[in-house]
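In case you want the letters, here they are:
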Amino acid sequence: VRTPAEFAEDHVPGALNLPVLNNEERVEVGTLYHKDFFAARKLGAALITANIASHIHENFLDKPKDYSPLIYCWRGGQRSASLGIILAQIGFKVYVLEGGYRTYRQTVVRDLKELSGRFRFLVLSGMTGVGKTFLLHKLQQHGEQVLDLEGAARHKGSILGLWAGETQPSQKAFESSLRSSLAQFNPSRPVWVESESSKVGLVQIPAHLFQQMRAAHRLELHVPMSWRIRQILRDYPHFTQDRVRLKELLGKLRKFHGARKLDYWFLLIDNSRWEELVESILTEHYDPAYSTSVKRNTEKGHNPTTLHVDSRTVIGLCEKYTAGRIAKISK
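Residues numbered from 1 in each chain as written. Predicted model: local features only at pLDDT ≥ 70, side-chain atom pairs only at ≥ 80, totals over all residues. Heavy atoms only, no water.

Asks: Would you take a moment to explain the overall build of the protein chain for this structure?
Replies: What the protein chain contains, in helices and strands, is 16 helices and nine strands. Dimensions of the protein chain, computed from the C-alpha atoms along their principal axes, are close to 70 × 50 × 40 Å. Split into buried and exposed, the 331 residues of the protein chain put 42% on the buried side. Sequence-distant contacts in the protein chain: of pairs separated by 6 or more residues, those separated by 24 or more amount to 73%. Looking at the protein chain as shown, the accessible area adds up to about 17,700 Å², and 53% of this sits on carbon and sulfur atoms. Within the protein chain, one finds 46 positive and 34 negative side-chain charges whose respective centroids are separated by 5 Å. (Helix = DSSP H or I, 4+ residues; strand = E, 2+ residues; numbered from the N terminus. Buried < 20%, exposed > 50% of the residue type's maximum accessible area, 1.4 Å probe, protein only. Contact = heavy atoms within 4.5 Å. Areas by Shrake-Rupley, 256 points an atom, 1.4 Å probe, with all protein chains shown as cover. Lys, Arg positive; Asp, Glu negative; His and termini not counted. Charge placed at Lys NZ, Arg CZ, Asp CG, Glu CD.)

Asks: Is there a simple way to think about helix α10 (residues 225-235) in this case?
Replies: What sets the pattern is the α-helix's 3.6 residues per turn: residues three or four places apart point alike. All of the buried residues along α10 are Trp227, Arg228, Ile229, Gln231 and Ile232. Buried residues along α10 sit in contact with α6 (132-141) and α14 (274-297).

Asks: What exactly am I supposed to notice about the sheet that holds strand β8 (residues 217-222) here?
Replies: What holds strands together in a sheet is hydrogen bonding between their backbones, with the strands either parallel or antiparallel. Spatial ordering of the open sheet is given by β4-β5-β3-β8-β9, a layout of five strands whose pairing is parallel. Only two strands of the sheet have a single partner each, and these edge strands are β4 (145-147) and β9 (305-308). Sheet twist, expressed as the mean angle between neighbouring strand axes with direction ignored, is 25 degrees. The sheet contact formed by strand β3 (residues 121-125) and strand β5 (residues 191-194) spans four bridges and is parallel. Looking at the pairing, Leu122 lines up with Trp192 of β5. (Pairing = 2+ DSSP bridges. Axes fitted to C-alpha atoms, helices over the stretch in contact; angles between N-to-C directions.)

Asks: Got a minute to help me understand the packing of helix α2 (residues 23-33) against helix α3 (residues 37-60) in this structure?
Replies: How two helices pack is summed up by the angle between their axes together with the distance between the axes. Closest axis-to-axis distance for the α2/α3 pair is 8 Å, and the angle between their directions is 160 degrees. The orientation of α2 with respect to α3, classified from their angle, is roughly antiparallel. Considering only the axes of α2 and α3, their crossing is left-handed. Contact residues: α2 offers Glu25, Glu28, Val29, Leu32 and Tyr33, while α3 offers Phe37, Ala39, Ala40, Leu43, Gly44, Leu47 and Asn51. Split by residue class, the contact of α2 with α3 holds eight nonpolar, two polar and two charged. (Parallel < 35°, antiparallel > 145°, perpendicular 65-115°, else oblique. Left-handed = near helix turned anticlockwise from the far one by under 90°. Nonpolar A, V, L, I, M, F, W, Y, C, P; charged D, E, K, R; others polar.)

Asks: Mind showing me how you'd approach the side chain of Asp111 here?
Replies: Tracing the chain through its elements places Asp111 in helix α5 (residues 100-116). Look at Asp111 and you get buried, because its relative accessible area is 10%. Discounting chain neighbours no more than four positions away, the residues touching Asp111 are Ser116 and Arg179.

Asks: Any chance you could explain the nonpolar core here in plain terms?
Replies: In globular proteins that are soluble, nonpolar side chains generally tend to be buried together. Within the largest apolar cluster, 26 residues are counted, with the highest numbers of intra-cluster contacts made by Phe121, Leu147, Leu149, Leu178, Leu182, Leu209 and Met213. Within the residue set of this core, elements represented by two or more residues are α5, β3, α7 (149-153), α8 (171-184), β5 and α9 (207-215). Among the elements that make up this core, the one with the highest residue count is α5 (five residues). Excluding residues that lie within four positions of it along the chain, Phe121 makes contacts with Ser116, Leu147, Leu182, Val191, Val193, Leu209, Gln212, Ala216 and His217. Leu250, Phe266, Trp274 and Val278 belong to the second-largest nonpolar core, a separate cluster that totals 20 residues. (Core = buried A, V, L, I, M, F, W, Y, C linked by side-chain atoms within 4.5 Å.)

Don't take any of this as a statement about function, it's just geometry.
Written out as structure tokens, the structure is:
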């Protein structure tokens, strides 16, 4: 029963939001509260009852008698109590989360610390475009436990990594998603995760989880440059369709590579020389950055298991290694 803005920042996974005050109404009541407490309560009651009436018509008339909702607001106060009282009077068995969202958020923070230490992680690494995400999804389809950091972050972790048409979740929502995934895993089996820096776009991997990733065994995937180029062009078609946006993002690399290199990349874009562009960006920027990141984010003394695959067998990699070599490594 939180405002749309509160709900958008973070919420219990799977929750349905039925705000008893919308964003503007909450501000209006809160502003009046500091001036006239009694007047604010009257206005709040009028707005809340009108909104609850609408919610009952739209969301509860078809619910059976044994329907049993769990209701929460920011701190388990008047907003959740207002809807809870009415639904209880109707005859539903209602639960109100004591402490509201704040209690849930404290649980997420606590659980992320505890859950991160329960699992043995296997980190899949490799240069940009080798197909790490592709392989992780195949492993997941074969029943392996996969913590999808990029899926939760809606970002591939690079300057071009924001998913097309998406915005990143808040830090709190990102952590809620990770906690929800970890809570469903079996601690007796390994958890696969993609090698990442401590940040995926704008969101930060929780410190306890990231430390476990740094200490985990790493599998490093090597594939030919030709495959990497095709993979990237397949995964980022929106950039070949929006050259202005692509140039804008690459412009952020000017401080690392200088105006002459940026001019060369822009020339390749203008002439649709996509394969040359991708190879140049990989060799000049992404590969050196990746090597530095791996050294920084892997504990010393941890030697990776290296998987070399040629272009003819890379598609069959998932079937081959999921059934055999990768399955053996994970035990």
